[in-house]
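Spelled out from the first residue to the last, the chains are:
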Amino acid sequence: MKVKFFAALIPAMFIASSAYAAEGETSTVQFQGNITEATCSLSTDSRDKAVDLGSVSSNAFDAGSGATTGGKAFSINLTDCAPSVTTATVTFSGDTTADSVLKTSQGDITNVGIQILQDGAPLKLDGSQASTAQTLVEGDNALDFTARYIALSNSVAAGEANASASFTLNYE
């Protein structure tokens, strides 16, 4: 008799517990996005790129604030560019002065900065403006720039003058 009562009690417990379960709200999750055509790949020689500006005499800045040194050409190399990608721009971002010159805070001196130029014109290096669009061809391409030192005061002392900037590639 005890076994029959206990066996009858188990199904009754499940029925009772399901009677108290409340159904929650049902809603939807929407997923949105775009599939874009392939652009270009950044060449391995352009990842974590180092541009050696060489040794420059402090006398090169004797003209005072705004004096610049000769530039050092460098390229950001792209590979496997799709035929549908016709132009690219580059936006540089770094720790800059009010004039959008890279601060040389990674070295011994702070009264000299680094400019990046495109076709002889200094670029803004604070991330606020992209370079002029450069035409791309299918396959491999080089985006050409120049870097140079610029005096930020009338007197430039000797010492290590390093800076860094990140960059973002934009395609059309």
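What you see is a predicted model; the values in this text were computed from it and never measured. (Residues numbered from 1 in each chain as written. Predicted model: local features only at pLDDT ≥ 70, side-chain atom pairs only at ≥ 80, totals over all residues. Heavy atoms only, no water.)

Asks: Would you explain unusual backbone geometry in this entry?
Replies: Glycine aside, negative phi is the norm for most residues, and most peptide bonds take the trans geometry. With phi around 50°, aspartate 48 is a residue other than glycine that occupies positive phi space. Along the polypeptide, aspartate 48 turns up in the loop between strand S1 (41–42) and strand S2 (72–81). Residue classification places aspartate 48 among the exposed residues on the basis of a relative accessible area of 82%. Positive phi outside glycine occurs at aspartate 80, with the angle close to 55°. When its relative accessible area of 57% is taken as the criterion, aspartate 80 is described as exposed. (Helix = DSSP H or I, 4+ residues; strand = E, 2+ residues; numbered from the N terminus. Buried < 20%, exposed > 50% of the residue type's maximum accessible area, 1.4 Å probe, protein only.)

Asks: Please clarify how the state of the cysteines should be interpreted in this entry.
Replies: A disulfide bridge is the covalent bond that connects two cysteines by way of their sulfur atoms. Counting across every chain of the model gives 1 disulfide. Two residues, cysteine 40 and cysteine 81, share a disulfide whose sulfurs are 2.1 Å apart. Between cysteine 40 and cysteine 81, the S-S torsion sits near 120°, and that sign places the bridge as right-handed. A residue pair is termed long-range when its members are at least 10 positions apart, and cysteine 40 in the loop between helix H1 (2–19) and S1 and cysteine 81 in strand S2 qualify at 41 residues. This pair shows no difference in class: cysteine 40 is buried, exactly as cysteine 81 is. (Disulfide = S-S within 2.5 Å.)

Asks: Any chance you could explain the layout of surface pockets here in plain terms?
Replies: To find leftover empty space, a probe the size of one water molecule is rolled over the atoms. Roughly 770 Å³ of internal volume is contained in the largest pocket. Taken together, 36 residues form the lining of the largest pocket, with Val51, Leu53, Ile114, Ala163 and Ser164 sitting closest to its centre. For the lining of the largest pocket, the class distribution of residues is 22 nonpolar, 9 polar and 5 charged. (1 Å grid on protein atoms, 1.4 Å probe; cavity = no way out; pocket = protein on both sides within 12 Å on 5 of 7 lines; lining within 4 Å. Points joined across faces, edges and corners; volume = space filled by probe spheres on them. Nonpolar A, V, L, I, M, F, W, Y, C, P; charged D, E, K, R; others polar.)

Asks: What should I look at first to understand the side chain of serine 100 in this one?
Replies: Tracing the chain through its elements places serine 100 in the loop between strand S3 (87–94) and strand S4 (102–103). Within polar-contact distance, the side chain of serine 100 engages the backbone nitrogen of leucine 125 at 2.5 Å. Setting aside its immediate chain neighbours within four residues, serine 100 contacts Leu123, Lys124, Leu125 and Asp126. (Polar contact = N/O pair within 3.5 Å; in protein donor to acceptor, adjacent residues only side chain to side chain. Contact = heavy atoms within 4.5 Å.)

Asks: Help me understand the sheet that holds strand S9 (residues 165–171) in this model?
Replies: Within a sheet, adjacent strands bond to each other through the backbone by hydrogen bonds, running parallel or antiparallel. Taken together, 3 strands build an open sheet; the order of strands is S7-S3-S9 and the sheet is antiparallel. In this open sheet, the two edge strands, each paired with only one partner strand, are strand S7 (134–135) and S9. Bridge count for S3 against S9 is 7 bridges, and the pairing is antiparallel. Residue pairing in the sheet places alanine 88 in a bridge with tyrosine 171 of S9. (Pairing = 2+ DSSP bridges.)

Asks: How should I be thinking about the pattern of salt bridges in this particular structure?
Replies: Pairing of side chains with opposite charge becomes possible as their charged atoms draw close. Enumeration over the complete set of coordinates arrives at 1 salt bridge. One salt bridge connects aspartate 95 with lysine 103, and the closest N-O pair in it is separated by 3.8 Å. (Salt bridge = Lys/Arg side-chain N within 4 Å of Asp/Glu carboxyl O.)

Asks: I would appreciate a short explanation of the environment of threonine 104 in the present structure.
Replies: In this fold, threonine 104 is placed in the loop between S4 and strand S5 (112–118). Note on threonine 104: relative accessible area 2%, which makes it buried. Ignoring any residue separated from it by four or fewer positions in sequence, one finds threonine 104 in contact with Ile109, Thr110, Val112, Gly113, Ile114, Ala161, Asn162 and Ala163. A polar contact of 2.7 Å, which involves the side chain of threonine 104, links it to the backbone oxygen of valine 112.

Asks: Please clarify how the packing of aromatic side chains should be interpreted in this entry.
Replies: How two aromatic rings sit relative to each other is set out by the distance from centre to centre and by the angle between their planes. Using the criterion set out here, one finds 3 aromatic pairs in the structure. Pairing phenylalanine 92 with phenylalanine 167 gives two aromatic rings, centres 6.2 Å apart and planes at 55°, and the pair type is tilted. Here phenylalanine 167 lies in strand S9 and phenylalanine 92 lies in strand S3, a separation of 75 residues in the sequence. Overall, the relative accessible area of 4% leaves phenylalanine 92 in the buried class. Looking at phenylalanine 167, the relative accessible area reads 27%, which means it is partly exposed. Linked through ring pairs, Phe74, Phe92, Phe145 and Phe167 together constitute an aromatic cluster. (Phe/Tyr/Trp six-rings, centres within 6.5 Å; stacked < 30°, edge-to-face > 60°.)

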